[in-house]
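Architecture at a glance
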Amino acid sequence: MASASSLFKSSLVVGKSGRVKPQTRRAATLTVRASYADELVKTAKTIASPGRGILAMDESNATCGKRLASIGLENTEANRQAYRTLLVSAPGLGNYISGAILFEETLYQSTTDGKKMVDVLTSQNIVPGIKVDKGLVPLASSNDESWCQGLDGLASRSAAYYQQGARFAKWRTVVSIPNGPSALAVKEAAWGLARYAAISQDNGLVPIVEPEILLDGEHGIERTFEVAQKVWAEVFFYLAENNVMFEGILLKPSMVTPGAECKDRATPEQVADYTLKLLKRRIPPAVPGIMFLSGGQSEVEATLNLNAMNQGSNPWHVSFSYARALQNTCLKTWGGRPENVKAAQDALLKRAKANSLAQLGKYTGEGEADEAKEGMYVKNYSY
């Protein structure tokens, strides 16, 4: 892992007096290929378009298997293909969804009727994206914390993903409040995100920058706010050090909420107040889109919190990049039965429309089923 000091090269020069003088010069910085700069900005603005957000359907095959098992299906490629076909082919999905994050298998996969998944998405004016990180592994010399791997070979993989039709990327790393977080873990998370972002932009992909602050813990909302400030300060320091173009990135932060096991719960208005205060202190207005993760909130809770954040004007597009908070009811409605496909797609569209309204600050919460209000928090969640 590199530190701020390693980004500078120092040499020693002997002056006339014979004293040794340190001389510091800035290391060469990376620049985005000029041919991609305009495209990156255009892509980011397309995804950050009014009333739309991101469908995160990039679960690994193993995690997708857990979802399928919850409705009694085996984890086979055919079943994964059937479910992903259901999602991308929902009629009118592009009215509410501007981008879809895919797992590598899905990027190269066809639907059950032989159409390329990426082509089905683009026909709905949905930008295809790709998960590029290789998952979390233990961080040595830390307090039982993690770091995200995947930088090795990322440039060549990103170039191939671009050729396949992907136009944005996602890299998720995590910070745990109960485990510190240690300065080492925060620095490692920020540095990895910055290197990934620079490599992605250099290969034509808009990077989604995602340092998830896990819900795990009994801490209150003030502690979450304190940690989030430190994390985002570090992230933007290293993004700048790596010459990442802010106009060509998207952020995927956690909302500022109490820990999942905290007795004091927060209202949507409190979540919005703390979260927007964090953004205004740490996020440059040049960033086009803030696409929040749901992080185990219930479908309705995630929508209510997003709606509260859009009750006033913001310098960014404040929207969503949800996985379970868009798919949970849809998956249960489908149940693996072909005759339920339309009903499942209707459930997906209902959630997508609700979050579209929340992005516009017009969601009321009326008519929501009790099932959509059930929390989806899982301690030590991984995917």
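Everything below is about the structure shown above.
Residues numbered from 1 in each chain as written. Predicted model: local features only at pLDDT ≥ 70, side-chain atom pairs only at ≥ 80, totals over all residues. Heavy atoms only, no water.

This next bit is on the overall build of the chain. Secondary structure assignment for the chain yields 12 helices and 12 strands. Per-residue burial over the chain gives 56% buried out of 383 residues. Put simply, of all contacts in the chain between residues at least 6 apart along the chain, 79% involve residues at least 24 apart. With the model as given, the accessible surface of the chain reaches about 16400 Å², and the carbon-plus-sulfur share is 51%. (Helix = DSSP H or I, 4+ residues; strand = E, 2+ residues; numbered from the N terminus. Buried < 20%, exposed > 50% of the residue type's maximum accessible area, 1.4 Å probe, protein only. Contact = heavy atoms within 4.5 Å. Areas by Shrake-Rupley, 256 points an atom, 1.4 Å probe, with all protein chains shown as cover.)

Tracing the chain through its elements places Thr 106 in helix 4 (residues 104-107). What makes Thr 106 buried here is its relative accessible area of 0%. If we skip the residues at most four places from it in the chain, Thr 106 touches Met 57, Arg 84 and Met 117.

Counting through the fold element by element, Lys 131 comes out in strand 5 (residues 127-131). A relative accessible area of 10% places Lys 131 in the buried class. Placed 39 residues apart in sequence, Lys 131 and Lys 170 show a C-alpha to C-alpha distance of 4.7 Å. Setting aside residues no more than four positions away along its own chain, Lys 131 makes contact with Asp 58, Ile 101, Leu 102, Phe 103 and Lys 170. Reaching out from Lys 131, the side chain makes a polar contact with the side chain of Asp 133 at a distance of 2.9 Å. (Polar contact = N/O pair within 3.5 Å; in protein donor to acceptor, adjacent residues only side chain to side chain.)

So, on to empty space enclosed by the protein. Where empty space is left becomes clear once a probe the size of a water molecule has been rolled over the atoms. A complete count under the given rule lists 2 cavities of 30 Å³ or more for this structure. The volume enclosed by the second largest cavity comes to roughly 120 Å³. Taken together, 16 residues line the second largest cavity, and the ones lying closest to its centre are Ile 213, Leu 215, Ser 254, Met 255 and Thr 257. Here the residues of the lining of the second largest cavity sort into 7 nonpolar, 8 polar and 1 charged. (1 Å grid on protein atoms, 1.4 Å probe; cavity = no way out; pocket = protein on both sides within 12 Å on 5 of 7 lines; lining within 4 Å. Points joined across faces, edges and corners; volume = space filled by probe spheres on them. Nonpolar A, V, L, I, M, F, W, Y, C, P; charged D, E, K, R; others polar.)

Most peptide bonds take the trans form, and the phi angle of most residues other than glycine is negative. Residue Pro 181 is bonded to the preceding Gly 180 through a cis peptide linkage, with omega at -15 degrees. Along the chain, Pro 181 turns up in the loop between strand 8 (168-175) and helix 7 (183-202). The residue Asn 243 is not glycine, and still its phi comes out positive at about 55 degrees. In this fold, Asn 243 is placed in the loop between helix 8 (221-241) and strand 10 (250-251).

Before going further, it helps to examine the packing of aromatic side chains. What the rule picks out here adds up to 9 aromatic pairs. Pairing Tyr 83 with Trp 334 gives two aromatic rings, centres 5.5 Å apart and planes at 20 degrees, and the pair type is stacked. Of this pair, Tyr 83 sits in helix 3 (residues 77-88) while Trp 334 is found in helix 11 (residues 324-334), placing the two residues 251 residues apart along the sequence. With respect to class, Tyr 83 is no different from Trp 334; both count as buried. When the centroid spacing of 5.5 Å and the interplanar angle of 40 degrees are considered together, the rings of Phe 320 and Tyr 322 count as tilted. The class of Tyr 322 is buried, set by a relative accessible area of 0%. Taken together, the ring pairs connect Trp 191, Phe 237 and Tyr 238 into an aromatic cluster. Between Lys 277 and the ring centre of Phe 225, over which it is positioned, the NZ or CZ distance is 5.0 Å. (Phe/Tyr/Trp six-rings, centres within 6.5 Å; stacked < 30°, edge-to-face > 60°. Lys NZ or Arg CZ within 6 Å of the ring centre and 35° of its normal.)

Now for the pattern of salt bridges. Taken as a whole and judged by the stated rule, the model has 12 salt bridges. Residue Lys 170 pairs with Glu 210 through a salt bridge whose shortest N-O separation is 3.8 Å. Here Lys 170 is found in strand 8, whereas its partner Glu 210 is found in strand 9 (residues 206-213), with 40 residues between them in sequence. When sorted by exposure, Lys 170 lands in the same class as Glu 210, which is buried. Several salt bridges converge on common partners, so that one network encompasses Asp 58, Lys 170 and Glu 210. (Salt bridge = Lys/Arg side-chain N within 4 Å of Asp/Glu carboxyl O.)

Note on sheets: strands pair through backbone hydrogen bonds, and any given pair is parallel or antiparallel. Reading around the circumference, 3-4-5-8-9-10-11-12 is the order of the 8 strands in this closed barrel, with parallel pairing throughout. Judged from the 3 bridges that link them, strand 5 and strand 8 form a sheet pairing that is parallel. Residue pairing for strand 8: Ile 130 is matched across the bridge by Ala 169. Where helix 10 (residues 299-309) meets the sheet, its contacts fall on strand 11 (289-292) and strand 12 (317-322), and the angle it forms with strand 12 comes to roughly 170 degrees. (Pairing = 2+ DSSP bridges. Axes fitted to C-alpha atoms, helices over the stretch in contact; angles between N-to-C directions.)

Taken together, the buried positions of helix 6 (residues 154-164) are Leu 154, Arg 157, Ser 158, Tyr 161 and Tyr 162. Along the axis of helix 6, the buried residues cluster in a sector spanning 140 degrees; they form a single face. Exposed side chains of helix 6 directed beyond 90 degrees from the buried face belong to Ser 156 and Gln 163. One or two residues past the end of helix 6 sits Gly 165, with phi positive at roughly 120 degrees. (Arc of directions from axis to C-beta.)

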